[in-house]
Amino acid sequence: MTEQTTQDLPLAARIRSALSDDILSGRIEAGTRLDEVALADQFEVSRTPVREALKQLIATGLVEHRHRRGVFVTEITSDRLAEMFEYAAEMEALCARMASINMKQAEREALLAIHLDSHTHVLNGNVDAYEAANIKLHEALFEGAHNHFLAEAVLLARAKVTPYRRAQFRVEDRLQTSFTEHGEIVKAVLKGQSELAAQLLREHVGRSHRTSLQYMERD
């Protein structure tokens, strides 16, 4: 399998990832207006992918559109972020519990394959490829719960914290620890240990929160 890099992503996704990294690292401060024309010049693209990237960022809550004024970087308090992660953790834990019960054998095998394949990205230190595999693994659990209403709700909850969960992978050794945590979750799901799977998923998201804070608060 060819390693996925940021350059392999669609233009809008690349711009979104770059902007979210700059916002979370503090290089772009809260209250900053994001101008489409300036960003198009910066990334050497047309305004179309920039506009789509901004729409994606608005969906996460990292930026907001103000009527007749444009798009601005949002200031999210630590309490607000903690609430967002707590909600996402509980929703994903429920998915893990239900997936442990409801997943078909083929789905369990696919989940294990996604997990094992992601180790290549850990060894190579490929953050973008591991992030993509991470999303794929979590979404396999959402789908494996076999509850469409829950899947829709958890995807909305996850969207709010996705930029922060991406940031965690910039912290040293987080790729390996994330992979190890995934391994325990997958093992519990495969064994049908529903309550353990839920607990492990909840703790996993909690660590994502703490690690993303480390990234944002570093000097």
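Right above here is the structure, for reference.
### Considerations on the packing of aromatic side chains
Reasoning step 1: Under the definition given, this model contains two aromatic pairs.
Reasoning step 2: Between F85 and Y164, the aromatic rings sit 6.4 Å apart at their centres with planes inclined by 70°, giving edge-to-face as the arrangement. One end of the pair, F85, is in helix α4 (residues 78-102); the other, Y164, is in helix α8 (residues 148-167), with 79 residues separating them in the sequence. Here F85 matches Y164 in class, with each residue buried.
Reasoning step 3: With a centroid separation of 5.2 Å and an interplanar angle of 85°, the aromatic rings of Y130 and F169 are classed as edge-to-face. Pair noted here: Y130 is in helix α7 (residues 127-144) and F169 is in the loop between α8 and α9 (174-190), with a separation of 39 residues, a long-range link.
Reasoning step 4: In this structure F169 comes out as buried when scored by relative accessible area, which is 4%.

### Describing the side chain of H182
Reasoning step 1: As for its position among the elements, H182 is in helix α9.
Reasoning step 2: Residue H182 is classed as buried on the basis of its relative accessible area, which comes to 1%.
Reasoning step 3: Among the polar contacts listed, one links the side chain of H182 to the side chain of H204, at a separation of 3.2 Å.

### Comments concerning the layout of surface pockets
Reasoning step 1: Taken as a whole, the largest pocket encloses approximately 470 Å³ of empty space.
Reasoning step 2: In terms of residues, the lining of the largest pocket owes the most to one element, α8, which gives six residues.
Reasoning step 3: Here the residues of the lining of the largest pocket are counted per class, giving nine nonpolar, six polar and six charged.
Reasoning step 4: Each pocket or cavity is described by its volume, and for the second largest pocket that value is around 320 Å³.
Reasoning step 5: I23, L24, I76, Y164 and M216 are, among the 19 residues lining the second largest pocket, the residues nearest its centre.
Reasoning step 6: The set of elements that each furnish at least two residues to the lining of the second largest pocket consists of α1 (11-25), α4 and α10 (194-217).

### Notes on the side chain of S118
Reasoning step 1: Within the element layout of this structure, S118 appears in the loop between α5 (105-117) and α6 (119-124).
Reasoning step 2: Here the side chain of S118 touches H115 through a polar contact of 2.6 Å, landing on its backbone oxygen.

### Thoughts on empty space enclosed by the protein
Reasoning step 1: Taken as a whole and judged by the stated rule, the model has one cavity of 30 Å³ or more.
Reasoning step 2: Looking at the lining of the largest cavity element by element, the count peaks at four residues for α8.
Reasoning step 3: A class-by-class count of the residues in the lining of the largest cavity yields two nonpolar, two polar and four charged.

### Here we look at the nonpolar core
Reasoning step 1: L34, L54, V63, L111 and L141 are the most contacted members of the largest nonpolar core, which totals 43 residues.
Reasoning step 2: Broken down by element, the residue count for this core peaks at seven residues, all from α4.
Reasoning step 3: In this structure, L141 is in contact with C95, A99, M103, L111, I185, V189 and L201, ignoring residues within four places of it in sequence.

Each value, and the rule that gives it
Residues numbered from 1 in each chain as written. Predicted model: local features only at pLDDT ≥ 70, side-chain atom pairs only at ≥ 80, totals over all residues. Heavy atoms only, no water. Phe/Tyr/Trp six-rings, centres within 6.5 Å; stacked < 30°, edge-to-face > 60°. Helix = DSSP H or I, 4+ residues; strand = E, 2+ residues; numbered from the N terminus. Buried < 20%, exposed > 50% of the residue type's maximum accessible area, 1.4 Å probe, protein only. Polar contact = N/O pair within 3.5 Å; in protein donor to acceptor, adjacent residues only side chain to side chain. 1 Å grid on protein atoms, 1.4 Å probe; cavity = no way out; pocket = protein on both sides within 12 Å on 5 of 7 lines; lining within 4 Å. Points joined across faces, edges and corners; volume = space filled by probe spheres on them. Nonpolar A, V, L, I, M, F, W, Y, C, P; charged D, E, K, R; others polar. Core = buried A, V, L, I, M, F, W, Y, C linked by side-chain atoms within 4.5 Å. Contact = heavy atoms within 4.5 Å.

That is the geometry; function is a separate question.
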